[in-house]
Amino acid sequence: MSTAGIVIFAFLFITFILIFRSFVIFTSALRRGQFKLRELNCWLGGSIIFVLTFCATMHYHEELGIKKTCAQNAASC
C-alpha cells in the first residue's frame with residue numbers, strides 16, 4: 001500500500017473511532033433525556049466525513065495502491 005493509502009486508512013480508522021464515540025454519547029444522552037443538538041451534529045458531521053472519505057478511497061483505490069496490495073495478499077495465501 002502506498003503512503004497515501006496508509007494515511008487515508010489511518011484517517012478513516014481514527015474517524016470511525018470518533019464517530020462511534022459520538023454515537024455512544026448521543027444515544028446515552030438521548031436515553032437520559034438530556035439531548036443536545038451539539039451531540040447530534042458531531043455524530044452526523046463525522047459520519048458524513050467518514051462516508052465521503054470512504055467513497056473517495058474506493059473510487060481511487062488503484063491510484064492509492066490498495067488494489068495491488070490486496071491482490072498480493074490474496075496470492076500469498
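Within each chain, residues carry numbers counting from 1 in the order of the written sequence. Selection of residues for local features in this predicted model requires a pLDDT of at least 70, selection of side-chain atom pairs for listing and counting requires 80 or more, and totals for whole chains, interfaces and linings are taken over all residues. Only heavy atoms go into the side-chain values, all of them from the structure, while hydrogens and water stay out.

(A) Focus on a positive patch on the surface. Grouping into patches uses exposed residues only, defined as over 30% relative accessible area, and leaves out salt-bridged ones; the cut-off is 9 Å for like charges and 5 Å for nonpolar side chains (Val, Leu, Ile, Met, Phe, Trp, Tyr). Each accessible area is a Shrake-Rupley result for a 1.4 Å probe, and residues are judged covered by the shown protein chains and nothing else. By convention in these notes, a salt bridge is any Lys or Arg side-chain nitrogen within 4 Å of a carboxyl oxygen on Asp or Glu. For the purpose of charge, His is not counted, nor are the chain termini; Lys and Arg are scored as positive and Asp and Glu as negative. Think of each charge as sitting on NZ of Lys, CZ of Arg, CG of Asp or CD of Glu. Taken together, Arg31, Arg32, Lys36 and Arg38 make up a surface patch of like positive charges. For helices the rule is a DSSP run of H or I covering at least 4 residues; for strands it is a run of E covering at least 2, with both sets numbered from the N terminus onward. As for its placement among the helices and strands, arginine 38 is situated in helix α2 (residues 37-59).

(B) Representation of the packing of aromatic side chains within the structure. Only rings of Phe, Tyr and Trp enter the pairing, Trp through its six-membered ring, and a pair is recorded when the two centres are within 6.5 Å. The plane angle decides the type: under 30 degrees is stacked, over 60 is edge-to-face, the rest tilted. Across all of its chains, the model carries four aromatic pairs by this definition. Geometrically, the ring pair formed by phenylalanine 23 and tryptophan 43 is tilted, given 5.1 Å between the ring centres and 45° between the ring planes. Taken together, the positions of phenylalanine 23 in helix α1 (residues 3-32) and tryptophan 43 in helix α2 put the pair 20 residues apart, joining distant regions of the chain. Looking at tryptophan 43, the relative accessible area reads 22%, which means it is partly exposed. For every residue, the accessible area obtained with a 1.4 Å probe (protein chains only) is divided by the maximum for its type, and the residue is called buried under 20%, exposed over 50%, and partly exposed between those limits.

(C) Quick look at α1. Each helix should span, by expectation, one fewer than its residue count multiplied by 1.5 Å. The terminal C-alpha atoms of α1 lie 44 Å apart, and with 30 residues this matches the ideal 44 Å at 1.5 Å per residue to within 8%. Taken residue by residue, α1 has Gly5, Leu12, Thr15, Ile19, Ser22, Phe26 and Ala29 as its buried positions. Contacts from the buried residues of α1 go to α2. Downstream of α1 by one or two residues, glycine 33 has phi in the positive range, about 85°. Note on definitions: a residue-residue contact is assigned when non-hydrogen atoms from the two residues lie within 4.5 Å.

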